[in-house]
Amino acid sequence: MNFVGIITEYDPFHNGHAAQLAMLRARGAQTIAVCMSSGAVQRGGVPLLPEPVRVQAALQAGADLVVALPGPYASAGAEDFAAAGVHLLGALGCDTLAFGAETPDAARLLEAARLLDQAALQPELRRCLAQGQTFAAARAAALQAVLPGGGELLRSPNNILGIEYCKALLRQKSNMQPCPLPRLGAGHGAQAPGRAGQIQIASASFLRAAVQKNGMAGMEVYVPCEAKELYRDAAAHGLLLSPQRFSTALLALLRSRRAEELAAVRGCSEGIENRLRAAIRTADSAETLYGQMKTKRYPHARLRRLALDAALGVRAGALPPLPPFLHVLGARRAALGRLQQARLPASTSLARLERALPDQGEVFRLYQAFVDFSALCRETPQPMGLACTQKPVLL
């Protein structure tokens, strides 16, 4: 373990994330690179805090290099999210991929990943789907049939994403080795905090809810001291996410979309665009929209991602499967030399990357659209163009 990569959202960065970085240092990591969502998050929304705040929190806590997982990939389903992050960290030259897991057993997670990619699993998967099970439940049942205990792996959120990382490593024939780490304190999505020794840890979803209810005071005990000061300053400057502004911006964009545009959106199938179109006509908030779109077959996160894609015009097949560049959001100056070995164009300047890749215009357009949308959703809306004009965070 020398050059370790982490795929993350840091939404927000908290004590559990700091503990993970410390754990990797203790295991011998010399350089830690972070591939962090930019402009969107995987659940189909925008982050609580903008990129520079999250980047600085990570660097102050021990990360060395932060590259963007561009919004169109950050807001994709788990398989595509994982594939994009693995691709970027592999191109950066990382030798290890670290991630939290409820079952921190690399061999077990790799075995599950291999089986899920085998054609032999498909008949059982189709049989379970035909019984009316959701895809997630059907996949867990199909894996359980060939790997005792495999179904339980797919019922734990960090394990699910960890298996997707392992699938991506296998498919891309990556040299990175998986390094699952035990999740400390509160579980993913837990609505109650926990402890790891003397450290108080809460899930990111708990912290986001606490901020919406009680302001920054609701999460200060669960974040590192340096991050606490960053977050206070961000709040004072109106940089926190405003759910009301998010709802208004999302619905305004959706109401401008024609029926044929909705049908062409990434992820539309089985007529779900018709439910989306009907919901757009009457929904008065994002949550109302999701509720009106709800079906047994589609999980809530998929509907959120679909709505965001529709609002920002992410068309099916419009993007290359994997991001074609490394946009550096921040770094410790001593780590910048790592970019010289990168296997993709890498720069702190998005404009420079765009000039270097003139045939990738749609990727750049959508990446900037996601960042612009996130900027508009702040308590004090921020200007357009930040993906190009925001200076990198350098320590």
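Everything here concerns the structure above.
Residues numbered from 1 in each chain as written. Predicted model: local features only at pLDDT ≥ 70, side-chain atom pairs only at ≥ 80, totals over all residues. Heavy atoms only, no water.

Novice: Explain unusual backbone geometry to me, please; I cannot follow it from the model alone.
Specialist: Most peptide bonds take the trans configuration, and most residues that are not glycine carry a negative phi. Note the cis peptide between aspartate 11 and proline 12, where omega equals 0°. With a phi close to 45°, tyrosine 10 is a non-glycine residue in the positive phi region. Assignment of secondary structure puts tyrosine 10 in the loop between strand S1 (3-8) and helix H1 (15-26). One non-glycine residue, lysine 173, adopts positive backbone phi at about 50°. Residue placement: lysine 173 occurs in the loop between helix H9 (157-171) and strand S5 (177-182). (Helix = DSSP H or I, 4+ residues; strand = E, 2+ residues; numbered from the N terminus.)

Novice: Even after reading the chapter, I still don't get the pattern of salt bridges, so can you show me in this structure?
Specialist: Side chains that differ in sign of charge can pair as their charged atoms come close. Inspection of the entire model under this criterion finds 21 salt bridges. A salt bridge links arginine 171 to aspartate 117, with the nearest nitrogen and oxygen atoms 2.5 Å apart. Placement of the pair is arginine 171 in helix H9 and aspartate 117 in the loop between helix H5 (106-116) and helix H6 (122-130), with a sequence separation of 54 residues. What makes arginine 171 partly exposed here is its relative accessible area of 43%. Of the residues examined, aspartate 117 reaches a relative accessible area of 34% and is grouped as partly exposed. (Salt bridge = Lys/Arg side-chain N within 4 Å of Asp/Glu carboxyl O. Buried < 20%, exposed > 50% of the residue type's maximum accessible area, 1.4 Å probe, protein only.)

Novice: I keep staring at helix H12 (residues 243-255) and nothing clicks. Help me out?
Specialist: Residues spaced three or four apart along an α-helix point in a common direction, a consequence of the helix completing one turn every 3.6 residues. If you check H12, its first and last C-alpha atoms are 18 Å apart, about what 13 residues at 1.5 Å a residue would give, namely 18 Å. Within H12 the residues assigned to the buried category are Phe246, Ser247, Ala249, Leu250, Leu251 and Leu254. The secondary structure elements touched by the buried residues of H12 are helix H14 (272-282), helix H15 (286-293), helix H16 (300-312) and helix H18 (361-376). (Expected span 1.5 Å × (residues − 1). Contact = heavy atoms within 4.5 Å.)

Novice: Any chance you could explain the nonpolar core here in plain terms?
Specialist: Here is a general trend for soluble globular proteins: nonpolar side chains tend to be buried in one another's company. Of all hydrophobic cores here, the largest spans 134 residues; its most connected members are Tyr231, Leu250 and Leu289. Looking at this core, the element that brings in the most residues is helix H4 (residues 78-92), giving nine residues. Sequence-distant contacts of leucine 250, defined by excluding residues within four places in its chain, comprise Ala286, Leu289, Tyr290, Ala307, Leu308, Ala311 and Phe373. (Core = buried A, V, L, I, M, F, W, Y, C linked by side-chain atoms within 4.5 Å.)

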